[in-house]
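Inside the fold
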2 protein chains.
Amino acid sequence: MGGGTGTFTVLSGLKKYPVDLTAIVSMADDGGSTGILREEFGMLPAGDIRRALVALSSYPEKFLTDLFTYRFREGEVDGHNFGNLILAALERVTGSFEDAVAAASRLLDVRGAVLPVTFSNVRLYAQLENGEIIKGETNIDIPKHDGRLRIVRVWLQPKGRANPKAVKAIRDADMIVIGPGDLFTSIIPNVLVSGIRKALRKSSAKKVYVMNLMTKHGETNGFTGADFLAMLDAYAGARMFDYVLINTMCPPEHILRRYKKERAEWISYKGVPQRNQERPRFITAALLRRGNYVRHDSAKLAKSIMKIIQA
Amino acid sequence: MGGGTGTFTVLSGLKKYPVDLTAIVSMADDGGSTGILREEFGMLPAGDIRRALVALSSYPEKFLTDLFTYRFREGEVDGHNFGNLILAALERVTGSFEDAVAAASRLLDVRGAVLPVTFSNVRLYAQLENGEIIKGETNIDIPKHDGRLRIVRVWLQPKGRANPKAVKAIRDADMIVIGPGDLFTSIIPNVLVSGIRKALRKSSAKKVYVMNLMTKHGETNGFTGADFLAMLDAYAGARMFDYVLINTMCPPEHILRRYKKERAEWISYKGVPQRNQERPRFITAALLRRGNYVRHDSAKLAKSIMKIIQA
């Protein structure tokens, strides 16, 4: 459960294991190509759905997933993501967003299911510590406001009704993995949807939170791992998680310096209880991918998650 | 061989028979969504290719062919045909128009082959009887000039080099079906491509011309069946055809009246030699589809073509 690239990473890693995967995806996104399609077509947000579909595609040829990810760079369609346009056209062709996602799933030969957390046309709002109210995921995500101000509350308007299939998947799951992803704009918007929080509480699945690697300016400045958990406790329900998976590998200094310019900081694993027996149990592992960006390695992440399933 | 809806009709009908189909498609189109993509992306014309791909698709679910045919009616992508955008994105993803068509063929599970007649970026020109020169297929097709003026000559600029696979398909064919389709803007642009005329002459295939049902204002005003054939003799080579398939069923009077407003007239089969033994042999049959437009019935047309194959 999540949205964005974090969910893509989890799904890409786990699909190599013999597990039945269901992606439950936030529907609060309103930036970029997704935002334009929301405005112009009155369409539900497609971006995170598209990423999850591509992650779970078992289509043998790369061109189809390349096509879904392709972003036009010329002409009238400049800036539009192709997969989003496919979903927009499929919505018109099939008559509903739900059928469009199902059709795209068949088209991409998706193994598993990709479920929008809601089919309600929800908008994310945030209130800052100075009282200011920000409308729209993209305005929270890329702050025009003073990004150092803390978010004191986020909510959806309308609250939205949970996709019944998402509720069922949560109840039937053996394990629920939440995150990694932007806390207020990708993760919490899922549990804000009416019915999801309750379904999570009722589910007997093992619940795992994959801790983010970095804080995010305008959302989680200065947050420690404990702050992330406290916020999730507040929104998803107290002591929801059985496990928290946290990375121990510090990114190289020169990369951290670049991130620091964007006011993002590494979330240290220091202070995590060792051999803890209480809920949640903290599982530490080196989860970093090599490269210029601080990202989870999908194979390492999936391996750690599978260990928890088998525990 | 052709372009446009006529070729779609032939392919849709023939695909129900156990025959290996290859569509050779004109690349002179420059109108509508295709024209915009030619201008903005420097892309080869996609429209006729797309129609042929959809005709030969054996994808079990209708949504994929619906998607390829879908035309956006809102926002920045207004007027764009979705299949054309798929081909545009696939061209960028795969690196060439040829690979894009191949990828789209796999995507649609095309039985047979769809071959652009050329990969050269050709433009169609026409000279009218008053000396005026018209540039572009769409300007000839939808005349801004006096549509009653006869076309005295059409040519491609550049002449274009034949797609080697199209040349091979022509040489290896058991039967070549040309038309129906707009004479100067869909049919003749194929034989104008360097190498195609020669390949047709060298091929030992049975060659069938499917006569149009109606004349077209600005292209073939007042043309009889004999005029169509004389024009094809001039461009494709004298006495090219073994068979000419011609419809005998007159459209209803009220439909003909509507067409008359667009200065289009039914092409009568009267005067066609009966039981002729000379080349070309004229095959007459009731080929009209029921409906508000004067169109070939794909099943009837395919049945008549199959009779010629078996003759």
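None of these values were measured; they are calculated from a predicted model.

Turning to the relation of the copies chain B and chain A, a few remarks are in order. Its rotation angle being 180°, the transformation that places chain B on chain A also includes 0.0 Å of axial translation and leaves an RMSD of 0.0 Å. The symmetry that links the two subunits is that of a two-fold axis.

Let us now look at the side chain of Ser33 of chain A. All names here are of chain A. Within the secondary structure, Ser33 is located in helix H2 (residues 32-41). Taking relative accessible area as the criterion, Ser33 reaches 4% and is therefore assigned buried. One polar contact links the side chain of Ser33 to the main-chain amide nitrogen of Asn81, over a distance of 3.1 Å.

Outside of glycine, negative phi angles account for most residues, and trans bonds account for most peptide bonds. Residue and element names in this part refer to chain A. Of the consecutive residues Gln157 and Pro158, the connecting peptide bond is found in the cis state with omega at -10°. For Pro158, the location among the structural elements is in the loop between strand S5 (151-157) and helix H8 (164-172). Of note in the backbone geometry, Arg263 takes a positive phi value of approximately 60° without being a glycine. Following the sequence through the fold, Arg263 ends up in the loop between helix H12 (253-261) and strand S9 (281-285).

Another aspect to go through is the packing of aromatic side chains. What the rule picks out here adds up to 19 aromatic pairs over all chains. Plain terms: the ring middles of Tyr59 of chain A and Phe63 of chain A are 6.2 Å apart, the flat faces sit at 80° to each other, and that makes the pair edge-to-face. Judged by relative accessible area, which is 7%, Phe63 of chain A ranks as buried. Through a chain of ring-to-ring contacts, three or more aromatic side chains come together here, namely Phe41, Tyr70, Phe72 and Phe82 of chain A together with Phe41, Tyr70, Phe72 and Phe82 of chain B. Its end group placed over the ring of Tyr293 of chain A, Arg258 of chain A keeps NZ or CZ at 5.2 Å from the ring centre.

On to the packing of helix H4 (residues 62-69) of chain A against helix H5 (residues 82-94) of chain B. Two numbers describe how H4 of chain A lies on H5 of chain B: the axes approach to 9 Å, and their chain directions differ by 115°. The angle between the axes of H4 of chain A and H5 of chain B places the two elements in the roughly perpendicular class. The handedness of the crossing between H4 of chain A and H5 of chain B is right-handed. Counting all contacts with H4 of chain A, which are made through Phe63, Asp66 and Leu67 of chain A, the residues of H5 of chain B involved are Ile86, Ala89, Leu90 and Val93 of chain B.

The next subject is the nonpolar core. Side chains of a nonpolar character, in soluble globular proteins, are inclined to be buried together. Among the nonpolar cores identified, the biggest contains 205 residues, and Ile196 of chain A together with Ile196 of chain B are the most heavily contacted of them. When residues no more than four places from it in sequence are discounted, the contact partners of Ile196 of chain B are Met1, Val117, Ala162, Ala166, Val167, Ile170, Asn190 and Val191 of chain B.

The element helix H3 (residues 47-56) of chain A is largely enclosed, with a buried count of nine among its 10 residues. For H3 of chain A, every residue scored as buried is listed here: Gly47, Asp48, Ile49, Arg50, Ala52, Leu53, Val54, Ala55 and Leu56 of chain A.

Further remarks concern the interface of chain B and chain A. Each partner contributes to the interface: chain B provides 27 residues, whereas chain A provides 28 residues. Roughly 2,700 Å² of surface becomes buried between chain B and chain A when both sides are summed, with 69% attributable to carbon and sulfur atoms. Counting every contact that joins chain B to chain A gives two residue pairs in polar contact (both at pLDDT 80 or more). Looking at the side of chain B that touches chain A, the elements that each hand over two or more residues are helix H2 (32-41), helix H4 (62-69), H5 and helix H6 (97-107) of chain B. No other element matches the eight residues that H5 of chain B contributes to the side of chain B that touches chain A. Residues that form the side of chain B that touches chain A fall into these classes: 18 nonpolar, two polar and seven charged.

Residue and element names in this part refer to chain A. Strand order in the open sheet formed by four strands is S6-S7-S8-S9, with parallel pairing between adjacent strands. In the strand order of this sheet, the two ends are held by strand S6 (175-178) and S9, each with one partner. On average, adjacent strands in this sheet sit at an angle of 20° to one another, irrespective of strand direction. Pairing analysis gives four bridges linking S6 to strand S7 (residues 206-210), with the strands arranged parallel. Within S7, the position partnered with Ile178 by the bridge is Tyr209.

Next up on the list: the sheet that holds strand S7 (residues 206-210) of chain B. Residues and elements named next belong to chain B. Across the sheet, which stays open at both edges, the four strands sit in the order S6-S7-S8-S9 with parallel pairing between neighbours. Only two strands of the sheet have a single neighbouring strand rather than two, namely strand S6 (175-178) and strand S9 (281-285). Across the sheet, the mean angle from the axis of one strand to that of its neighbour is 20°, orientation sign disregarded. Bridging between strand S8 (residues 243-247) and S9 involves five bridges; their strand directions are parallel. What sits directly across from Leu245, in S9, is Ile283.

A cluster of acidic residues, Glu39, Glu40, Glu76 and Asp78 of chain A together with Glu39, Glu40, Glu76 and Asp78 of chain B, forms a negative patch at the surface. Broken down by secondary-structure element, the contributors of at least two residues to the negative patch are H2 of chain A together with H2 of chain B. Structurally, Asp78 of chain B is set in the loop between H4 and H5.

What follows covers the domain arrangement of chain A. Residue and element names in this part refer to chain A. Taken domain by domain, chain A comprises domain 1 (4-27 + 117-310) and domain 2 (28-116). The C-alpha-based centres of domain 1 and domain 2 are spaced at 23 Å. In this assembly, 30 residues from domain 1 lie in contact with 23 residues from domain 2. Roughly 2,300 Å² is buried in total at the junction of domain 1 and domain 2, and carbon and sulfur atoms are behind 59% of that figure. The largest share of the area that domain 1 buries against domain 2 comes from Met27, Phe119 and Arg123, three residues that together contribute 28% of it. A salt bridge links Arg123 to Asp30, with the shortest nitrogen-to-oxygen separation between them at 3.1 Å. At the boundary of domain 1 with domain 2, the tally comes to 17 residue pairs in polar contact (both at pLDDT 80 or more). When residues of the side of domain 1 that touches domain 2 are assigned to their parent elements, the largest contribution, five residues, is made by helix H1 (residues 4-14). In terms of residue class, the side of domain 1 that touches domain 2 is made up of 15 nonpolar, 11 polar and four charged.

Reading the values: the criteria
- Residues numbered from 1 in each chain as written.
- Chains lettered and ligands numbered in written order.
- Predicted model: local features only at pLDDT ≥ 70, side-chain atom pairs only at ≥ 80, totals over all residues.
- Heavy atoms only, no water.
- Least-squares fit on C-alpha atoms with pLDDT ≥ 70 in both.
- Helix = DSSP H or I, 4+ residues; strand = E, 2+ residues; numbered from the N terminus.
- Buried < 20%, exposed > 50% of the residue type's maximum accessible area, 1.4 Å probe, protein only.
- Polar contact = N/O pair within 3.5 Å; in protein donor to acceptor, adjacent residues only side chain to side chain.
- Phe/Tyr/Trp six-rings, centres within 6.5 Å; stacked < 30°, edge-to-face > 60°.
- Lys NZ or Arg CZ within 6 Å of the ring centre and 35° of its normal.
- Axes fitted to C-alpha atoms, helices over the stretch in contact; angles between N-to-C directions.
- Parallel < 35°, antiparallel > 145°, perpendicular 65-115°, else oblique.
- Left-handed = near helix turned anticlockwise from the far one by under 90°.
- Contact = heavy atoms within 4.5 Å.
- Core = buried A, V, L, I, M, F, W, Y, C linked by side-chain atoms within 4.5 Å.
- Buried area = accessible area lost by both parts, 1.4 Å probe.
- Nonpolar A, V, L, I, M, F, W, Y, C, P; charged D, E, K, R; others polar.
- Pairing = 2+ DSSP bridges.
- Patch = residues over 30% accessible without salt bridge, like charges linked within 9 Å, V, L, I, M, F, W, Y side chains within 5 Å.
- Areas by Shrake-Rupley, 256 points an atom, 1.4 Å probe, with all protein chains shown as cover.
- Salt bridge = Lys/Arg side-chain N within 4 Å of Asp/Glu carboxyl O.
- Lys, Arg positive; Asp, Glu negative; His and termini not counted.
- Charge placed at Lys NZ, Arg CZ, Asp CG, Glu CD.
- Domains from an automatic or database assignment.

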